[in-house]
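# Residue-level structural notes
As a plain string of letters, each chain reads:
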Amino acid sequence: AASGRPGPPPKQSVPGVRHVIAVGSGKGGVGKSTVAANLALALEAEGLKVGLLDADLYGPSVPRLLGLEGKPAVREDGIFSPHEAHGLKAMSIGAMLDPGQAVVWRGPMATSALRQLLRETDWGGLDALIVDLPPGTGDIHISLFQQTEVSGAVIVSTPQELALSDARKAIDMIRRMGVPLLGLIENMSFFIAPDTGKRYDIFGTGGARQAAGDLGIPFLGEIPLVMSIRERSDAGTPVMIAEPDGPEAQAFQAIAQKIL
Ligand code: ADP
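Counting restarts for each chain: residues are numbered from 1 in the order of the written sequence. A pLDDT threshold of at least 70 governs which residues receive local features in this predicted model, and a stricter bar of 80 or more applies before side-chain atom pairs are shown or counted, although totals over entire chains, interfaces and linings include all residues.

### Some thoughts on the overall build of the chain
The numbering of helices and of strands both runs from the N terminus, where a helix is a DSSP run of H or I of at least 4 residues and a strand a run of E of at least 2. The secondary structure content of the chain amounts to nine helices and 12 strands. Taken over the C-alpha trace, the chain has a radius of gyration of 18 Å; the compact-globule value for 260 residues is 18 Å, and the two agree within 12%. Principal-axis analysis of the C-alpha atoms places the extent of the chain at approximately 60 × 45 × 35 Å. Every one of the 260 residues in the chain was classed for burial, and the buried ones make up 46%. C-beta atoms are first placed from the backbone for all residues, and any pair lying within 7 Å is then listed as a contact. Residue pairs at least 24 apart in sequence account for 77% of intrachain contacts in the chain once pairs closer than 6 positions are excluded. We take the radius of gyration over the C-alpha atoms and set the globule estimate at 2.2 Å times the residue count to the 0.38 power. Counting other C-beta atoms within 10 Å of its own, a residue is labelled buried from 20 upward, exposed at 12 or fewer, and partly exposed in the gap between, with every C-beta atom placed from the backbone.

Rendered as structure tokens:
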């Protein structure tokens, strides 16, 4: 103001939501959406009211992950009533498209779609809204972080250097946008062969823990590569719900407790 130039417009909170928590990754395919859904369910198991917003507009996974069917209802005043699945409130652009229909939008349309999903939905009083971001650092990220009060961001990576080098860029962006970094989650950390019990470090080991240490951000935990995580996700009942007492669910629960 002293320079006479107007500052950026103030960040807005999301109506009916206490904390917005973004889940991002550098690369696609590292399990960001899988982690976002299970983390949302783990926070719910801690007694919070939780929602999941699919902001991965070009590759929405939430409808399949949570088994959402049909389009969300629209109230008379034009506000969306979100889907409800496994106790979560959920919104995804994927649920508004016809099967196989691609989103072919330039940046401004994508950001206005995100704005609508975020602000024109009746979230109905959530403690936390988990936002599943697209991979990388694009328009959606910039508009979310500039316009919305985001309480924190979590980054998901595999232990592989190829994924970590992009995760570092995502972390750099989040830092520059002034959003608190809650930490780094390593997914697909190792594989235990169910028949022999032998451990395989398919994407290497310990890479994310090391990277988090180097970057000075918390390391939140390791999620192994497990067939049931993939199968349960494909079936629309994430492992947190399908096998709540299993080791995978416990790993997600431990991460949720760290970010509470
Ligand atoms: P992203 O959101 O990063 O693109 P997804 O969450 O869609 O990644 O995951 C990519 C694929 O890997 C999906 O088929 C998913 O079911 C599977 N997957 C993710 N994490 C695991 C895991 N820990 N164990 C087994 N399969 C996983």
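What follows picks up the thread again.
### Regarding helix H1 (residues 32-45)
Along an α-helix, a turn takes 3.6 residues, which lines up residues three or four apart on a common side. Here a helix's expected span is defined as the number of its residues, less one, multiplied by 1.5 Å. If you check H1, its first and last C-alpha atoms are 20 Å apart, about what 14 residues at 1.5 Å a residue would give, namely 20 Å. Within H1, 13 of the 14 residues are buried, leaving the element largely enclosed by the surrounding structure. Gly47 sits one or two positions beyond H1 and adopts a positive phi of about 100°.

### Focus: the packing of H1 against helix H9 (residues 247-259)
All axes here are fitted lines through C-alpha atoms, helices being fitted over the stretch that makes contact, and every angle between N-to-C directions spans 0 to 180 degrees. Closest axis-to-axis distance for the H1/H9 pair is 8 Å, and the angle between their directions is 70°. Here H1 is positioned roughly perpendicular relative to H9, judged by the angle of their axes. Listed contacts from H9 to Asn38, Leu39, Ala42, Leu43 and Ala45 of H1 are Phe252, Gln253, Ile255 and Ala256. Tallied by class, the residues present in the contact of H1 with H9 amount to seven nonpolar, two polar and no charged. Should an angle fall under 35 degrees it is called roughly parallel, over 145 degrees roughly antiparallel, and 65 to 115 degrees roughly perpendicular, with every other angle called oblique. By the convention adopted, Pro, Cys, Tyr, Trp, Phe, Met, Ile, Leu, Val and Ala count as nonpolar, Lys, Arg, Asp and Glu as charged, and the other residues, Gly among them, as polar.

These figures come from the coordinates and say nothing about function on their own.
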